[in-house]
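Now for the letters of each chain:
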Amino acid sequence: MSYVSCALRAATPRCLPAPWRSPRPFSSATGPTAKKSVPYQKTLKEEGSGTGEPSRPLPPSAEVVVVGGGSLGCQTTYHLAKQGVTSVVLLERDRLTSGTTWHTAGLLWQLRPSDVEVELLAHTRDVVSRELPAETGLHTGWVENGGLFIASNKQRLDEYKRLMSLGKAYGVESYVLTPSQTKDLYPLMNIDDLYGTLYVPKDGTMDPAGTCSTLARAATARGATIIENCPVTGIQVRADNFGVKRVYAVETAHGTIQTPCVVNCAGVWARALGRLAGVHVPLVGMHHAYVVTERIEGIQNMPNVRDHDASVYLRLQGDALSVGGYESNPIFWEEVSEKFAFGLFDLDWDVFMQHIEGAINRVPVLEKTGIKSTVCGPESFTADHKPLMGEAPEVRGFFLGCGFNSAGMMLGGGCGRELAHWIIHGRPEKDMYGYDIRQVTLAAPGPRGLRFHHSLTDNNRWIRERSHESYAKNYSVVFPHDEPLAGRNVRKDPLHEELLRQGCVFQERHGWERPGWFNPRGAAPVLDYDYYGAYGQERHRDYTYNRLLGDEYTFDFPPHHDIIKNECLTCRNALALFDMSYFGKFYLVGPEATKAANWLFTADVSKAPGSTVYTCMLNKRGGVESDLTVSRISPGDPASPLAPAFEGDGYYLAIGGAVAQHNWSHITAVLQDMKLQCKLLDCSEELGMMSIQGPLSRVVLQEVLDTDLSNEAFPFSTHKLTTAAGCTVRAMRLSFVGEMGWELHVPKADCVKVYQAVMQAGARHGITNAGYRAIDSLSIEKGYRHWHADLRPDDTPLEAGLAFTCKLKSSIPFLGREAVEAQKAKGIFRRLVCFTTEEKVPMFGLEAVWRDGEVVGHIRRADFGFAIDKTIAYGYIRDPTGGPVSLDFVKSGSYELERMGVTYPARAHTKSPFDPDNKRVKGFY
């Protein structure tokens, strides 16, 4: 018999070469080893004929074909059938669960640092614990033994307290326990090094075979067809009359199914399936392991444990434990075998050993406990540790539901329901933006980047780096201002080197390096990734950028708080220059461009050339897909990125770089569906963008720009072509920080020259560089929305206070208008509210909102406003009685914001607390 302690002594460290020189030592090209047991009473391995023939005949056609019979495939099929799609076929190449689902640990933790994920997890729990047993009379294997999160330091316990506060907004029961209370709950636990724990009594575990077989039974009862032993060999794709590629059929060795929709739920094999349709699926396979112990006296009925600081979990397995975690040197599965089914790899103890010491420290009885079996199987991981979902931008009708980073069981129910709604209605019900494959720039043409730029997804080194970092940091504390170290310096704007020399501390957003804040002590370059010392790679020493990041690993005000304060107040009192070159910059041009603009944009943008309008784009349900500025333009020079040549009408769209690909995909889908004669052109890489903001911006820019900047000659929300330092630029009078100012859109070759001219003219007026940390503070102080923070696809303009962007007084139809009008007639039952606290306490979002002693919502976005010297927070609130949320309801309540279990009195505002009359942006100081 082997013991955990023996494994610890037997494992010896080894140094591995740098992965880009010799990837083999940290990768595996081998197939499965001899079959081993997993700790479940049954698997689906033995069921069925085993003849190699499909389990049932293939139908000639289907509305939807789901490929992959694991957790996501079964959940998606079940939810499609439940939502009324009866002609749905699930194809599994072997048996259900045979890929990765069969050996998964099956844990479900209800609390995560994301409100959307809390909702997704809640639905999964409801499906396996209530819905399926009620529908089928079968037990899914759900065991509700609770969950216990271990904190060995203050920062970790602060993170758990944040989760507890968020949970109150969703009715998730949780408690912060002292070490002694933890010992009472879990007597076998060592508490000598505990700072505290978070106990969630209704967490639990699922049995993968029980869950998937029950899902299959329920889906079949609703009309779905599930076919095993039927591998997919091809995807037929055809172009329509407008050249748009669409799914046409699925080919198998046993026949072809004609279908307009394929759902890729193939897990580790999703990349190969995607290639059959010409769709790139950026995920990698890795070995992921746990060990199962012999019987442990006294462990029965104990909660599952996550000791994040030791990077280990302890899952209750009857009277034993499964022990696993996320190591710093995972093994990549290079050559994924098509024949792999119900197989496992040999466990590499040199890799797994890092979890053993932590497990023994937490539960000392493990030192003398036998190991019954080892479970090392493949799992799929993505470069940002988020699943890949939604319709692929390359091929209409090809949907993804893969890359779940070992969370496919716990997220499966919620994601399966959202994916089914996505397929049926064109969009999910919840805000699934963080998972949306449309964020991934895969096809040229199109804008470059959101989650992953096209130059990244084909770059094996970049995929390795980012996937490694996301895997290794899976259990790290999620701090508000953390940044990746892997895969950096890929996309640099024209001012990058200039700003780096001036102390710019960059943030990474979707491949772009954008200014975060400016370090007065000098440059802080991002260095090549060192794998945190794994694989024999030497860690960087005296790494300034990494040290500055580490200084901000706190839930208090960061140490650079006063530096950002100076950037903000200089903007408020003098002027600041913001490099916003990573913005998406598109042209919508052509004979039917105005028809498209009228339908796409909520505001009336069909004005005279020279006008600029702030507007939203909505989905059919009235949810906000984007907020952006749209400028009417006249035709220009074919060779100019500032004013392209076109026939018909033209519009220039400026969109936050973080959502550029999302906007591109939304607009493209609408144009394709409406078959309009116009084009969407991308000039994001060809143009830089500088924003000069503050009360002295006019004085400084009047020295640089060859045009009159007076209110009469250049009013707010207008634009014109002019020259700066001898270069042609497009100047727009706009503001995202609540000050008088102008944006300069500049050809990339001229950016440095124009930047230097502005800085030279502004030097005697006290100009400063400022970054996005300052923008975050300044914009929330003025009440400007951030898309995907306080404005998401499941929020409407009426709820978000953006009714002024909707042309409801006109007769012009626009996408989502009917939904907005219906909501206006029915009433608003959820409303975005601004709160301030007198006490200067840091908040970052996820705080619970209390009104008259009841939780009515949670904070989406928070920051500190330096001009008003207060913490500012925005969150959506509801009436607990179910009534509409009127302005009178907002004004009449007494509010508190709960931060990490402590409540702070708050004031609700119905207007921006800073410059509520909008005088400053119009130049009135």
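Just so you know, the residues in each chain are numbered from 1, in the order the chain's sequence is written. Owing to the predicted nature of the model, reporting of local features is limited to residues with pLDDT of at least 70; listing and counting of side-chain atom pairs is limited to 80 or more, with chain, interface and lining totals taken over all residues. The side-chain figures draw on all heavy atoms in the structure; neither hydrogens nor water molecules are used.

Draft legend 1. Just the pattern of salt bridges, in detail. In what follows, salt bridge is the name for a side-chain nitrogen of Lys or Arg lying within 4 Å of a carboxyl oxygen of Asp or Glu. This structure, assessed with the given rule, holds 54 salt bridges. Measuring nitrogen to oxygen at the nearest pair gives 3.2 Å for the salt bridge that ties R792 to D115. A residue pair is termed long-range when its members are at least 10 positions apart, and R792 in the loop between α19 (772–782) and α20 (817–826) and D115 in helix α3 (residues 115–136) qualify at 677 residues. You can call R792 buried: its relative accessible area is 6%. Buried, partly exposed and exposed residues are distinguished by accessible area as a fraction of the type maximum, computed with a 1.4 Å probe on protein chains only: under 20%, between the cut-offs, and over 50%, respectively. Note on D115: relative accessible area 6%, which makes it buried. In this structure, D790 and R861 form a salt bridge, with 3.1 Å as the shortest nitrogen-oxygen distance. With D790 in the loop between α19 and α20 and R861 in strand β38 (residues 854–865), the pair connects residues that are 71 residues apart, well separated along the chain. Each of D115, D431, R792, D794, D795, E799, R830 and R860 takes part in a single network of salt bridges with overlapping partners. To qualify as a helix, a DSSP run of H or I must reach at least 4 residues; to qualify as a strand, a run of E must reach at least 2; elements of each kind are numbered from the N terminus.

Draft legend 2. Examining the environment of A574 more closely. Among the secondary structure elements, A574 is positioned in the loop between α14 (561–573) and β25 (576–579). Residue class for A574 comes out buried when judged on its relative accessible area of 11%. Residues A574 and Q693, 119 residues apart in the sequence, show an inter-C-alpha distance of 8.4 Å. Contacts were defined at the residue level, with two residues in contact if any of their heavy atoms lie within 4.5 Å. For A574, the residues in contact, after removing those within four places along its chain, are L569, Q693, G694, P695, L696, S697, H765 and G766.

Draft legend 3. Local environment of the pairing of strand β29 (residues 649–655). Burial analysis of β29 places 6 of its 7 residues in the buried class, the great majority of the element. For strand β26 (residues 584–590) and β29, the ladder comprises 7 bridges, and the chain directions are antiparallel. Looking across to β29, one finds that F586 is bridged to L653. Sheet analysis places strand β28 (residues 624–633) next to β29, joined by 5 bridges and oriented antiparallel. What sits directly across from V630, in β29, is L653. Following DSSP output, two strands are said to pair if at least two bridges run between them.

Draft legend 4. Looking closely at the sheet that holds strand β12 (residues 255–258). Here 3 strands make up an open sheet; going across it, the order is β10-β11-β12 and the pairing antiparallel. Edge positions in the sheet fall to β10 (232–239) and β12, since each of these pairs with one other strand and no more. Across the sheet, the mean angle from the axis of one strand to that of its neighbour is 30°, orientation sign disregarded. Pairing of strand β11 (residues 245–252) with β12 involves 4 bridges; the strand directions are antiparallel. Residue pairing for β12: E251 is matched across the bridge by T256. Orientation is described by axes fitted as lines to C-alpha atoms, over the contacting stretch for helices, and by angles from 0 to 180 degrees between their N-to-C directions.

Draft legend 5. Looking closely at the packing of aromatic side chains. Side-chain rings of Phe, Tyr and Trp (the six-membered ring for Trp) are treated as a pair once their centres are within 6.5 Å; stacked means planes under 30 degrees apart, edge-to-face means over 60, and tilted covers the remaining angles. The full count for this structure, using the stated rule, is 28 aromatic pairs. Following the ring pairs from residue to residue traces out a cluster consisting of W269, W333, F340 and F345. Directly above the aromatic system of F332 lies the positively charged group of R464, at a separation of 5.1 Å from the ring centroid. Criterion for a charge above a ring: Lys NZ or Arg CZ within 6 Å of the ring centre, and within 35 degrees of the ring normal. Taking the ring centre of Y772 as reference, the NZ or CZ of R514 above it sits at 3.9 Å.

Draft legend 6. Summary view of the sheet that holds strand β39 (residues 870–877). In spatial order, the strands read β36-β39-β38-β37-β40-β41; together these 6 strands close into a barrel with antiparallel pairing. The sheet shows a mean angle of 40° between the axes of neighbouring strands, direction not considered. As judged from the 4 bridges shared by strand β37 (residues 848–851) and β38, these two strands associate in the antiparallel manner. From the neighbouring strand, W850 faces β38, where its bridge partner is V855. In the packing of helix α4 (residues 154–170) onto the sheet, the strands contacted are β37, β38 and β40 (895–899), and the crossing angle to β38 comes to about 135°.

The values are spatial; any link to function lies outside them.
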